[in-house]
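# A structural walkthrough
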Amino acid sequence: MITAGVDVGIRDTKIIIMDMGHVVGKKKGSSGGIHRECAIQEIWKGALDDSGLGMPQIDLVAATGIGACDVVFAGEQVTEPVADARAARHYRKDATCVVDIGADQMRVIFLGEGNAIREVVLNQKCAAGIGIFFEYMARRLGMTMEEISSLPSGDCGAPVNDGCCVFAELDALEMLFQDIPKEDIFRKIICALSYRMNAVLNDKLKPAADTTLLIGGVSKNKAMINALRERSGIRFIIPEDAEYGCALGAALYAASQ
């Protein structure tokens, strides 16, 4: 059975095509804002080209994410926590928890037996927009993702505001006007974000230190993940192509229908 999973996030759309449990094609691109439906169609064409398959050969497409309703060629829709859980079981049979951190949302899914889910925790208050805020501040401070990823971890002194993105930005800009090096400012931003994400991790249940997976776009940022590991004490397992995790889970869900 050939299936596809389409994860439409607020910033990027990720598509995975699977044949009998193996990934045969994938593609990522901008979700397109008000032109989301057209953008999804272009990314879908790219995924089909990557797989060498045609639309008639795809048995079922499952969509997930904030823009799932714009995937007009999808035969099924699945919620993000269910897709995350399916992906976690695919990556690691012994996984007990999966954390998905993207441009807008952070989800913590505690796994039960088989495909069962014990608990789901979503970001609250101003913990939303972590990925978007991260990239926005990188642009404001004129830093590349490569420069940020190479920043050292450890004590950063007093961080910027860790409860509100607006106040955090004001704190960062004030320090910039005080001629504080931009590298030091961004380390404080990373510290603040790690505080916020760790609060979500500890909202209800404590994820296990050695059997917790991390997926989503933020998983690509080494400095951010190192800070979160130090703050939480969790040795996150980050699978290959972790940013495609939710799309992979949607494809696996489609294969079970």
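Above this text sits the structure in question.
Residues numbered from 1 in each chain as written. Predicted model: local features only at pLDDT ≥ 70, side-chain atom pairs only at ≥ 80, totals over all residues. Heavy atoms only, no water.

## A closer look at the side chain of Thr13
With respect to the helices and strands, the residue Thr13 is situated in strand 2 (residues 12-19). A distance of 2.9 Å separates a polar atom in the side chain of Thr13 from a polar atom in the side chain of Ser31. Those residues in contact with Thr13 that lie beyond four places of it in its chain are Val6, Asp7, Val8, Lys27, Lys28, Gly29, Ser30, Ser31, Ile40 and Ile43. (Helix = DSSP H or I, 4+ residues; strand = E, 2+ residues; numbered from the N terminus. Polar contact = N/O pair within 3.5 Å; in protein donor to acceptor, adjacent residues only side chain to side chain. Contact = heavy atoms within 4.5 Å.)

## With respect to the sheet that holds strand 2
Ordered in space as 3-2-1-4-5, the 5 strands form an open sheet in which the pairing is mixed. Each of the sheet's edge strands pairs with one partner strand only, and the pair in question is strand 3 (22-30) and strand 5 (76-77). Pairing of strand 4 (residues 60-65) with strand 5, which is carried by 2 bridges, proceeds in the parallel orientation. Among the inter-strand pairings, Ala63 is bridged to a residue of strand 5, identified as Gln77. (Pairing = 2+ DSSP bridges.)

## Quick notes on a nonpolar patch on the surface
Side chains of Ile10, Ile66 and Ile132 sit close together on the surface and give an oily, nonpolar patch of about 260 Å² of accessible area. Along the chain, the position of Ile10 falls in the loop between strand 1 (2-8) and strand 2. (Patch = residues over 30% accessible without salt bridge, like charges linked within 9 Å, V, L, I, M, F, W, Y side chains within 5 Å. Areas by Shrake-Rupley, 256 points an atom, 1.4 Å probe, with all protein chains shown as cover. Salt bridge = Lys/Arg side-chain N within 4 Å of Asp/Glu carboxyl O.)

## Brief notes about the pairing of strand 7 (residues 106-111)
A large share of strand 7 lies buried, amounting to 6 of its 6 residues. Across the two faces of strand 7 the burial is the same, with Met106, Val108 and Phe110 and Arg107, Ile109 and Leu111 all buried. Here 5 bridges tie strand 6 (residues 97-101) to strand 7, and the two strands are oriented antiparallel to one another. In the strand pairing of strand 7, Asp100 is matched with Arg107. Where strand 6 folds back onto strand 7 in an antiparallel hairpin, the turn is made up of 4 residues. For strand 7 and strand 8 (residues 117-122), the ladder comprises 5 bridges, and the chain directions are antiparallel. Paired with Arg107 across the two strands is Leu122, which belongs to strand 8. (Buried < 20%, exposed > 50% of the residue type's maximum accessible area, 1.4 Å probe, protein only.)

## A look at the nonpolar core
Judged by nonpolar contacts, the single largest core of 38 residues is most densely connected at Val99, Ile101, Met106, Val108, Phe186, Ile189 and Ile190. At the level of secondary structure, the elements contributing two or more residues to this core comprise strand 6, strand 7, helix 3 (130-141), helix 5 (165-177), helix 6 (182-201) and helix 7 (222-232). Tallying contributions element by element places helix 6 first for this core, with 9 residues. Counting residues in hydrophobic clusters, the runner-up holds 18 residues, among them Ile2, Val8, Leu48 and Val61. (Core = buried A, V, L, I, M, F, W, Y, C linked by side-chain atoms within 4.5 Å.)

## Some remarks on the pairing of strand 2
Side-chain direction in a regular strand flips from residue to residue, so the side chains alternate between the two faces of the sheet. Of all 8 residues in strand 2, 7 are buried; the element is thus mostly enclosed. Pairing of strand 1 with strand 2 involves 7 bridges; the strand directions are antiparallel. Of the residues in strand 2, the one forming a bridge with Val8 is Thr13. Between strand 1 and strand 2, which pair antiparallel in sequence order, lie 3 residues. Sheet analysis places strand 2 next to strand 3, joined by 8 bridges and oriented antiparallel. Bridge pairing links Thr13 to Gly29 in strand 3.

## Let's talk about unusual backbone geometry
With phi around 65 degrees, Asp179 is a residue other than glycine that occupies positive phi space. Residue position: Asp179 is located in the loop between helix 5 and helix 6. Positioned with a positive phi, Asp241 is a non-glycine residue whose angle comes to about 55 degrees. Along the chain, Asp241 turns up in the loop between helix 7 and helix 8 (245-255). Assessed through its relative accessible area of 31%, Asp241 is described here as partly exposed.

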